[in-house]
Amino acid sequence: MSDTEVTHEIPPISFEFFPPKTEQGRAKLFDVRRELSGFNPEFFSVTYGAGGSTRDNTKNIVTSIHNEGAQVAPHLSFGGDTETAILQLLGDYQAAGIKRVVALRGDMPSGMGSSLQMVYANQLVALIRQHFGDHFHIEVAAYPEIHPESKSFDSDIQYLKAKFDAGANSAITQYFYNPDAYFYFVDACAAQGISQPIVPGIMPITNFKNLARFSDSCGAEIPRWVRKRLEGFGDDQASLSAFGIDLVTDLCETLLDNGAPGLHFYTMNQTEPCAAILTNLGLNGI
Ligand code: FAD
């Protein structure tokens, strides 16, 4: 475990937020954003709800962050929307001066049954390039432990390649706690001709039950020994947080030492765990 600070060359860092539903959550998010801006992130990103359920909320938060002078990337997926609605949204982002998007297929909105035709991310990337040329830097999602619906390891990499072939610039991964999975995946991507950056997504650990539930649904593995440690902390939040910060610091250190091109943090709209990890890494932005 890391108990001393190590210094790395400053890699690009980015922070992901979700759009809060309440005024209080929104006010907190803007405090968190300002605190995290001390780490000189390359950009912030804001997630998008299935079926466009947070479309306006995402757009409002993105616009406010942009107006504060920060680089911001809205996440975007078709969900239940029409092509016209998606192009309108992208046009609004372009007009506002937003230059980066995270293009996703997303998941089936609940209650839509199987009536909805999902638009794969490679199709969305192609649509953005067709209508907006090179205006946007396009990020896409990648899955070192393989997307849960994927037919096979190889086909998932082929579909990632299809996103790059359609014009994506870089990828951000689903989170993982086993760095070998990431490096094996990056090597497999390189063998298939993918040369664009694949930035690891980093999920700090703050709550075991939520993490376990979400990991089961999105196909991210929590190694057995980590699961056992986290379970063992019970209600001892301070020990769980300290363990999580050490574990994720070590993960980030291994990733950066072995050539990861940056770090993208799933902040869960919280400053503290990301700030502690980055400070441990000597990436305190100063
Ligand atoms: P795709 O790349 O389209 O892949 C989906 C599945 O279909 C995969 O199994 C793939 O192998 C397969 N596939 C891909 N292309 C084809 C094709 N052309 N033909 C047949 N099969 C294909 N979800 C949200 O709701 N909102 C968010 O803001 C959000 N942000 C995310 C950010 C990151 C960095 C990541 C890693 C995930 C995010 N997600 C978000 C979750 C994401 O929407 C889900 O994982 C979703 O199930 C897949 O989206 P995708 O863009 O990876 O899909």
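Quick summary incoming for the structure in this document. Just so we're clear, the structure is a prediction, and the values are computed from it rather than from any experiment. Within each chain, residues carry numbers counting from 1 in the order of the written sequence. Given that the model is predicted, a residue must reach a pLDDT of at least 70 before its local features are reported, and side-chain atom pairs must reach 80 or more before they are shown or counted; all residues, however, enter totals for whole chains, interfaces and linings. Side-chain calculation: all heavy atoms of the structure are included, whereas hydrogens and water are not.

### Describing the overall build of the protein
Step number 1: Each helix is a run of DSSP H or I of at least 4 residues and each strand a run of E of at least 2, with the numbering of both proceeding from the N terminus. From N to C terminus, the protein includes ten helices and eight strands.
Step number 2: For this measure, only C-alpha atoms enter the radius of gyration; the expected value for a globule follows 2.2 Å times N^0.38, where N is the number of residues. Relative to a compact globule of 286 residues, whose C-alpha radius of gyration would be 19 Å, the protein shows 18 Å and is just as compact.
Step number 3: Here's how the labels work: a residue is buried when its accessible area is under 20% of the maximum for its type, exposed when over 50%, partly exposed in between, all with a 1.4 Å probe on protein chains only. Expressed as a percentage of its 286 residues, the buried residues of the protein come to 52%.
Step number 4: Partitioning the intrachain contacts of the protein with sequence separation of at least 6 by distance along the chain shows that 79% fall at a separation of at least 24. Residue contacts are defined here by distance: any two heavy atoms, one from each residue, within 4.5 Å place the two residues in contact.

### Topic: the environment of R105
Step number 1: As for its position among the elements, R105 is in the loop between β4 (100–103) and α4 (121–132).
Step number 2: Residue classification places R105 among the buried positions, given a relative accessible area of 15%.
Step number 3: Separated by 27 residues in sequence, R105 and F78 place their C-alpha atoms 6.8 Å apart.
Step number 4: Non-local contacts of R105, meaning those with residues more than four positions away in its chain, are made with S77, M118, V119, Y120, A121, H147 and E149.
Step number 5: Polar contacts, as used here, are pairs of N or O atoms within 3.5 Å; protein pairs need one atom able to donate a hydrogen and one able to accept it. Residues neighboring in sequence count only if both atoms are side-chain atoms. Among the polar contacts made by the side chain of R105, one reaches the side chain of D107 at a distance of 3.4 Å.
Step number 6: In terms of polar contacts, R105 uses its side chain to reach the side chain of E149, at 2.8 Å.

### Some words on the pairing of strand β3 (residues 72–76)
Step number 1: When you tally the buried positions in β3, you get five out of five residues, the bulk of the element.
Step number 2: Covered by surrounding structure in β3 are V72, P74 and L76 together with A73 and H75, the residues of both alternating faces.
Step number 3: Should DSSP find at least two bridges between two strands, the strands are regarded as paired. Relative to β4, β3 runs parallel, the two sharing two bridges. Bridging across to β4, H75 finds its partner in V102.

### Regarding the site of the ligand
Step number 1: It suffices for a single heavy atom of a residue to lie within 4 Å of a molecule or strand for the residue to be listed as near it. The environment of the ligand is formed by 22 residues, the closest being Y48, D107, Y143, D156 and K163.
Step number 2: At a separation of 2.8 Å, an oxygen atom of the ligand approaches a polar backbone atom of R105.
Step number 3: G106 places a polar main-chain atom, nitrogen or oxygen, 3.4 Å from an oxygen atom of the ligand.
Step number 4: Residue-level accessible areas treat just the shown protein chains as cover; the underlying method is Shrake-Rupley with a 1.4 Å probe. For the ligand, whose free accessible area comes to 970 Å², the fraction covered by protein is 87%.
Step number 5: Among the elements of the structure, α4, α5 (153–165) and β6 (170–175) are those that each provide at least two residues to the shell around the ligand.

### Some points on the environment of F30
Step number 1: Looking at the element boundaries, F30 is found in helix α1 (residues 23–36).
Step number 2: Owing to a relative accessible area of 9%, F30 belongs among the buried residues under this scheme.
Step number 3: It is 9.8 Å that separates the C-alpha atoms of F30 and E68, two residues lying 38 residues apart in sequence.
Step number 4: Dropping the residues within four chain positions of it, F30 is found in contact with I61, S64, I65 and E68.

### Re the pairing of strand β8 (residues 263–266)
Step number 1: Along β8, one buried face is formed by L263 and F265 and the opposite face, lined by H264 and Y266, is buried too.
Step number 2: For strand β1 (residues 13–17) and β8, the ladder comprises four bridges, and the chain directions are parallel. Looking at the pairing, E16 lines up with Y266 of β8.
Step number 3: Where strand β7 (residues 198–202) lies against β8, two bridges are found, and the strand directions are parallel. Each residue of the ladder has a partner; that of I202, found in β8, is F265.

### Some details on the nonpolar core
Step number 1: The nonpolar core is taken to be a set of buried Ala, Val, Leu, Ile, Met, Phe, Trp, Tyr and Cys residues, with the residues joined through side-chain atoms within 4.5 Å. With 89 residues, the main nonpolar core has I128, L160 and F265 as its most contacted residues.
Step number 2: Tallying contributions element by element places helix α9 (residues 237–257) first for this core, with nine residues.
Step number 3: When neighbours within four sequence positions are excluded, I128 is seen to be in contact with L76, L90, V101, A103, G133, F136 and I138.

### Side note on the packing of aromatic side chains
Step number 1: Between the rings of Phe, Tyr and Trp (Trp by its six-membered ring), a pair exists once the centres lie within 6.5 Å; its type follows the angle of the planes, with under 30 degrees stacked, over 60 edge-to-face, and the other angles tilted. Inspection of every chain in the model, using the stated rule, returns twelve aromatic pairs.
Step number 2: Ring centres 5.1 Å apart and planes at 75° place the aromatic pair Y182 and F183 in the edge-to-face group. For the residue pair Y182 and F183, the accessibility class agrees, reading buried in each case.
Step number 3: A centroid spacing of 6.2 Å and a plane angle of 85° characterise the contact between W225 and F243, whose relative ring orientation is edge-to-face. Of this pair, W225 sits in helix α8 (residues 224–232) while F243 sits in helix α9, placing them 18 residues apart in sequence.
Step number 4: Using a relative accessible area of 9% as the deciding quantity, one classes F243 as buried.
Step number 5: An aromatic cluster of at least three residues, connected via ring pairs, comprises F15, F17, F44 and F265.

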